[in-house]
Amino acid sequence: MKTASRILGRAFFLAGYEVQDAPRYGAERRGAPIFAYVRAARSPINERGIIQHPDLVVVADDSLIGLPAAGVLAGLTDRTIFLLYSDTDEKSWQHRLNLKNRLFTIPVDQQAADPLQRRYAGVSCVGGAARLTGVIDQATLNTAIEEEMADRSPLTVSTNIDHANTTFSLLVQHDTIIEEGEPISAVEYTSPEWLELAAEPAAISAPAIYGGGTSCKVKTGLWRTMRPVIQYEKCRQCWWICSTFCPDSAISVTENRYTRIDYDHCKGCMVCVMQCPSHAILAIAEKDADKVTLQEVPS
């Protein structure tokens, strides 16, 4: 999404707009939700910070919609438009979210069937966003992709352009439907009401540490959007690989040299999936975890 925001921002710039584009990170870990913002205007942009009331919300991973920390539905207005990269149809999403806003979906392509291979979701969303704005033509979009991905191979660049163009053509009937946001008046702006808190004595507010900290009671597995699942029939018992590479020590080794994943603390970084030489660890979406029966560790 960071690259997608830069491509969209560059496309606006090539179309003659002043632009701001910036990513915003939450927890700096692999698999954490990432946000990116793009502002575009014909005149200089004096506003800074996140977009409080977006005209267009683009979601490349529909599993984040139900995650409060992702804030996908924050700051909506009646004219906010949604663009989702999802196989679920538009009517179903509007029913689920109880929204009256206009909502469009981009079908997940066959090359992205594997959750770890959704490498074209971002650029597909860029193609759709460019079409909905109505001010970025296809040639400008392609040039922006070429310039932002200049350090990639020609095959990678052409493949990304193909995916962007596919979505650009898919939304041809919805060209130029995004309305420009209204300017925010600095004169009528109401400043926040700050609460003045009295400082406490140091004896009360200063920390007192009596022992080493522990993360055992902090169930960081709640952050997870993807879940690694071990297929023991394929496991070669090379336990030192996955257990060593796990950055959170969430993989333990049993007495018979098999590994077990602690889902209370596994954050879903998928490092074990990529390091497993026998491809014995699958990656599944957390929302589908209840459909998979976990195998018992062999005795």
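The coordinates are above.
Owing to the predicted nature of the structure, the values given are computational and were not obtained by experimental measurement.

(A) The arrangement of the nonpolar core in detail. Within the largest apolar cluster, 23 residues are counted, with the highest numbers of intra-cluster contacts made by I251, I261, C272, V273 and I281. With four residues, strand β9 (residues 281-285) is the single largest residue contributor to this core.

(B) Geometry of helix α1 (residues 2-14). For α1, spanning 13 residues, the distance from its first C-alpha to its last is 18 Å, which sits close to the expected 18 Å at 1.5 Å a residue. All of the buried residues along α1 are A4, S5, I7, L8, G9, A11 and F12. Where the residues of α1 are buried, they touch β1 (18-25), β2 (34-41), α3 (121-133) and α4 (138-148). Of the residues flanking the end of α1, it is G16, one or two places downstream, whose phi is positive at about 100 degrees.

(C) Focus on the pairing of strand β5 (residues 103-106). Residues L103 and T105 of β5 are buried on one face, and the alternating residues F104 and I106, pointing to the opposite face, are buried as well. Relative to β5, strand β4 (residues 81-85) runs parallel, the two sharing four bridges. The residue of β5 that forms the bridge with F82 is L103. Once you follow β4 into helix α2 (residues 90-97) and on to β5, the crossover reads as right-handed.

(D) The arrangement of the pattern of salt bridges in detail. Inspection of the entire model under this criterion finds twelve salt bridges. Note that E148 is salt-bridged to R6, the shortest N-O span being 3.2 Å. With E148 in helix α4 and R6 in helix α1, this pair connects stretches of sequence that are 142 residues apart. Across the pair R152 and D151 runs a salt bridge, and its minimum N-O distance is 3.7 Å. You can call D151 exposed: its relative accessible area is 65%.

(E) Representation of the environment of G16. Tracing the backbone shows G16 in the loop between α1 and β1. Separated by 119 residues in the primary sequence, G16 and V135 have C-alpha atoms spaced 9.7 Å apart.

(F) Examining the packing of aromatic side chains more closely. The full count for this structure, using the stated rule, is three aromatic pairs. Taken together, a centroid distance of 5.8 Å and an interplanar angle of 80 degrees make the contact between Y232 and Y258 edge-to-face. Residue Y232 is found in the loop between β6 (226-230) and α7 (239-245), and its partner Y258 is found in the loop between β7 (251-253) and β8 (259-261); the two are separated by 26 residues along the sequence. When sorted by exposure, Y232 lands in the same class as Y258, which is buried. The cationic tip of R24 hangs over the ring face of F35; the distance from NZ or CZ to the ring centre is 5.8 Å. A cation sits over an aromatic face here: R96 above W93, 4.8 Å from the ring centre.

(G) Expanded view of the pairing of β9. β9 sits mainly inside the fold: four of its five residues count as buried. Here five bridges tie β6 to β9, and the two strands are oriented antiparallel to one another. Along β9, the bridge assignment pairs V229 with L282.

(H) Seen up close, the side chain of E148. Given a relative accessible area of 18%, E148 falls into the buried group. Within polar-contact distance, the side chain of E148 engages the side chain of R6 at 3.2 Å.

(I) Inspection of the sheet that holds β5 at higher detail. Pairing is parallel across the open sheet formed by three strands, whose spatial order is β3-β4-β5. The two strands at the open ends of the sheet, each matched to only one other strand, are β3 (56-59) and β5. Each neighbouring strand pair of the sheet contributes to a mean axis angle of 15 degrees, computed without reference to strand direction. Contacts from α2 reach β4 and β5, with the element oriented near 130 degrees to β5. Those strands touched by α3 are β3, β4 and β5, and its axis lies near 150 degrees from that of β4.

(J) Structural context of the packing of α3 against helix α5 (residues 154-170). Where α3 meets α5, the axes come as close as 7 Å, and the angle between the chain directions of the two elements is 40 degrees. With respect to their mutual orientation, α3 and α5 come out oblique. Pair α3 / α5 crosses with right-handed handedness. Each of V123, S124, G127, G128, A130 and R131 in α3 lies in contact with α5, whose residues at this interface are N160, H163, A164, T167, F168 and S169.

Definitions and limits used
- Residues numbered from 1 in each chain as written.
- Predicted model: local features only at pLDDT ≥ 70, side-chain atom pairs only at ≥ 80, totals over all residues.
- Heavy atoms only, no water.
- Core = buried A, V, L, I, M, F, W, Y, C linked by side-chain atoms within 4.5 Å.
- Buried < 20%, exposed > 50% of the residue type's maximum accessible area, 1.4 Å probe, protein only.
- Helix = DSSP H or I, 4+ residues; strand = E, 2+ residues; numbered from the N terminus.
- Expected span 1.5 Å × (residues − 1).
- Contact = heavy atoms within 4.5 Å.
- Pairing = 2+ DSSP bridges.
- Right-handed = clockwise from strand over helix to strand, strands pointing away.
- Salt bridge = Lys/Arg side-chain N within 4 Å of Asp/Glu carboxyl O.
- Phe/Tyr/Trp six-rings, centres within 6.5 Å; stacked < 30°, edge-to-face > 60°.
- Lys NZ or Arg CZ within 6 Å of the ring centre and 35° of its normal.
- Polar contact = N/O pair within 3.5 Å; in protein donor to acceptor, adjacent residues only side chain to side chain.
- Axes fitted to C-alpha atoms, helices over the stretch in contact; angles between N-to-C directions.
- Parallel < 35°, antiparallel > 145°, perpendicular 65-115°, else oblique.
- Left-handed = near helix turned anticlockwise from the far one by under 90°.

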